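Commentary on secondary and tertiary structure
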Amino acid sequence: MYVKSRGEFASKQVLSKNLAFLLCFASFCAGMFFTNRMWMVPEANGIRLTSRTEGKQFVDCDLNVVLKNEANSSRSISGSKHSIETVDKAISDLEIKLMAARAERETIMKDPMLSEGVKNIESTSKRKYFMVIGINTAFSSRKRRDSVRATWMPQAEKRKKLEEEKGIVIRFVIGHSSTSGGILDKAIEAEEKQHVEGYLELSAKTKTYFATAVSLWDAEFYIKVDDDVHVNLATLGMTLAGHRTKPRVYIGCMKSGPVLAQKGVKYHEPEYWKFGEVGNRYFRHATGQLYAISKDLATYIMINQNVLHKYANEDVSLGAWFIGLDVEHVDDRRLCCGTPPDCEWKAQAGNICVASFDWRCSGICRSVERILEVHERCGEDKNALWSTNFSQKTKSSS
């Protein structure tokens with residue numbers, strides 16, 4: 001009885017082991033079968049693997065290229081990165097143009113006189129210009145303006161010809177007095193009518209000049225010059241033409257003067273503490289008698305004019321606005337020659353100056369009396385401006 005039941009137990013135990021083995025073997029075979037069907041990948045001999053979803057192809061890669069041509073893949077990735085960077089730059093440029101257009105519209109809409117001026121120059125606003133020159137002047141500086149007109153600034157029909165043929169716009173930068181209709185306003189209006197020149201409704205701030213100039217004229221360069229400085233226009237044009245390919249360029253005689261903390265002295269800086277310890281010097285910036293900036297930088301000023309900080313000195317302010325930007329600073333000493341004999345010697349040596357003035361006076365000393373002498377001794381040939389080809393003709397935009 002005991003043996004029989006033991007035999008039955010043994011038989012059942014053996015049967016259970018065999019069954020388990022068969023089940024495991026069957027499961028293994030089934031697993032191999034389905035695994036091969038689901039995950040079998042063909043040899044990568046130039047066969048293209050394509051994945052599709054709802055009949056639409058969204059991945060298409062060459063395994064042979066991926067596995068065997070890593071160098072080519074790297075070049076492809078590099079090319080893709082370059083393409084992405086190009087697209088990003090294009091998008092960035094479009095965003096800048098959009099912001100510029102909005103800022104331009106706001107600038108014009110805020111000022112009725114500018115709005116009226118734009119209506120009067122709709123045809124010229126579509127034109128591409130080479131450079132816009134703003135001559136900084138004061139209410140009471142009529143004699144200085146007359147001395148500039150009598151020397152290096154073309155007048156009447158020649159000024160119009162300069163704009164049409166050379167794409168060079170020249171305007172005096174002068175604001176109206178706080179008392180509308182005052183004596184100064186009437187004198188300025190009479191002067192404007194006599195010389196057929198428009199006076200932009202600008203504040204004394206440099207950023208307002210650049211913002212307004214960009215709004216009115218689409219130029220490659222924007223220049224600010226003082227009314228007691230002598231300028232050779234053809235030489236200035238050729239100098240700027242050499243920097244045409246640079247998108248963000250800041251050209252002038254770069255300097256780094258001391259930050260003056262003492263009150264009551266000329267050029268005192270009330271915010272001297274921002275520049276470190278007493279006795280420190282300013283960062284590099286162009287001297288204020290004459291400097292030029294490219295269109296991108298003028299547009300930047302227009303877009304951000306409401307948040308750009310102004311220091312006590314105008315040239316320092318301009319330099320501060322460009323700190324932290326990808327701007328090329330060009331130090332060209334031809335933009336700050338001395339008056340005769342300095343500029344005369346240089347002219348005789350064939351190195352004509354762009355601008356001449358006296359450092360000790362921050363302009364030509366007694367400019368009303370002396371600018372004609374400077375013009376005669378240091379000025380370029382009278383036909384230089386009309387015979388010079390600035391290499392790229394200005395034309396109307398399509």
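Structural data are supplied above this passage.
Residues numbered from 1 in each chain as written. Predicted model: local features only at pLDDT ≥ 70, side-chain atom pairs only at ≥ 80, totals over all residues. Heavy atoms only, no water.

The subject of this paragraph is the overall build of the protein. On a plain count of helices and strands, the protein comes out with 15 helices and eleven strands. A burial count over the protein gives 39% of its 398 residues as buried. Contacts in the protein between residues far apart in sequence, at least 24 positions, make up 74% of those at least 6 positions apart. Counting only carbon and sulfur atoms, one obtains 56% of the accessible surface of the protein, whose full area is about 23900 Å². (Helix = DSSP H or I, 4+ residues; strand = E, 2+ residues; numbered from the N terminus. Buried < 20%, exposed > 50% of the residue type's maximum accessible area, 1.4 Å probe, protein only. Contact = heavy atoms within 4.5 Å. Areas by Shrake-Rupley, 256 points an atom, 1.4 Å probe, with all protein chains shown as cover.)

The interhelical angle for the contact between helix H9 (residues 206-216) and helix H11 (residues 295-304), taken along N-to-C directions, is 110°, at an axis separation of 8 Å. Between H9 and H11, the crossing angle belongs to the class labelled roughly perpendicular. Along the contact surface, H9 presents Lys 207, Phe 210, Ala 211, Val 214 and Ser 215, while H11 presents Ala 298, Thr 299, Ile 301 and Met 302. For the contact of H9 with H11, the residue count by class is six nonpolar, two polar and one charged. (Axes fitted to C-alpha atoms, helices over the stretch in contact; angles between N-to-C directions. Parallel < 35°, antiparallel > 145°, perpendicular 65-115°, else oblique. Nonpolar A, V, L, I, M, F, W, Y, C, P; charged D, E, K, R; others polar.)

On to the pattern of salt bridges, then. Oppositely charged side chains can pair when the atoms bearing their charge come close. Counted by the stated rule, this structure contains 22 salt bridges. Among the ionic pairs, Lys 255 bridges to Asp 315, the shortest N-O distance being 3.4 Å. Placement of Lys 255 in strand S8 (residues 249-255) and of Asp 315 in helix H12 (residues 314-321) is noted, with a sequence separation of 60 residues between them. Judged by its relative accessible area of 29%, Lys 255 falls in the partly exposed class. Residue Asp 315 is classed as buried on the basis of its relative accessible area of 9%. Asp 342 is the partner of Lys 346 in a salt bridge, and the nearest nitrogen-oxygen pair spans 3.4 Å. In this pair, Lys 346 and Asp 342 both sit in helix H13 (residues 342-348), four residues apart, roughly one turn of the helix. (Salt bridge = Lys/Arg side-chain N within 4 Å of Asp/Glu carboxyl O.)

With that out of the way, let us pick up the side chain of Thr 151. With respect to the helices, strands and loops of the structure, Thr 151 is situated in the loop between helix H6 (142-149) and helix H7 (156-166). Residue classification places Thr 151 among the buried positions, given a relative accessible area of 13%. A distance of 2.9 Å separates a polar side-chain atom of Thr 151 from the backbone oxygen of Ser 147. Thr 151 has contacts with Ile 371, Leu 372 and His 375, leaving out every residue within four places of it along the chain. (Polar contact = N/O pair within 3.5 Å; in protein donor to acceptor, adjacent residues only side chain to side chain.)

Core analysis: the biggest nonpolar cluster contains 42 residues, and Met 131, Ile 133, Ile 135, Trp 152, Ile 168 and Leu 240 have the highest contact counts within it. When contributions to this core are tallied by element, the ones reaching two or more residues are strand S3 (128-136), strand S4 (168-174), strand S6 (218-226), helix H10 (233-241), S8, strand S9 (285-294), helix H14 (367-378) and helix H15 (384-387). A per-element tally of this core places H10 first, with five residues. Contact partners of Ile 135, with chain neighbours within four places excluded, come to Val 148, Trp 152, Met 153, Ile 170, Arg 171, Phe 172, Val 173, Val 225, Asp 226 and Asp 227. By size, the runner-up hydrophobic cluster in this structure holds 27 residues, among which are Tyr 129, Val 173, Ile 293 and Val 327. (Core = buried A, V, L, I, M, F, W, Y, C linked by side-chain atoms within 4.5 Å.)

Going through the model one piece at a time under the given rule, you end up with four disulfides. Note on cysteine connectivity: Cys 361 is disulfide-linked to Cys 365, with sulfurs 1.8 Å apart. Between Cys 361 and Cys 365, the S-S dihedral sits near 95°, and the bridge is therefore right-handed. Cys 361 gets classed as partly exposed once you look at its relative accessible area, which sits at 34%. Sequential numbering of the bridged cysteines in the protein gives the disulfide pattern 1-2, 3-5, 4-8, 6-7. (Disulfide = S-S within 2.5 Å.)

Below, the discussion takes up the packing of aromatic side chains. The full count for this structure, using the stated rule, is ten aromatic pairs. Taken together, a centroid distance of 6.4 Å and an interplanar angle of 35° make the contact between Phe 210 and Tyr 291 tilted. With Phe 210 in helix H9 and Tyr 291 in strand S9, this pair connects stretches of sequence that are 81 residues apart. Residue Phe 210 is classed as buried on the basis of its relative accessible area, which comes to 0%. When its relative accessible area of 0% is taken as the criterion, Tyr 291 is described as buried. (Phe/Tyr/Trp six-rings, centres within 6.5 Å; stacked < 30°, edge-to-face > 60°.)

For H9, a buried count of eleven out of eleven residues is recorded, marking the element as mostly surrounded by other parts of the structure. Taken together, the buried positions of H9 are occupied by Thr 206, Lys 207, Thr 208, Tyr 209, Phe 210, Ala 211, Thr 212, Ala 213, Val 214, Ser 215 and Leu 216.

As a further point, take the environment of Trp 359. Along the chain, Trp 359 falls in the loop between strand S11 (355-356) and H14. It is 9.0 Å that separates the C-alpha atoms of Trp 359 and Cys 337, two residues lying 22 residues apart in sequence. If we ignore the near neighbours within four places in the chain, the residues touching Trp 359 are Thr 287 and Cys 336.

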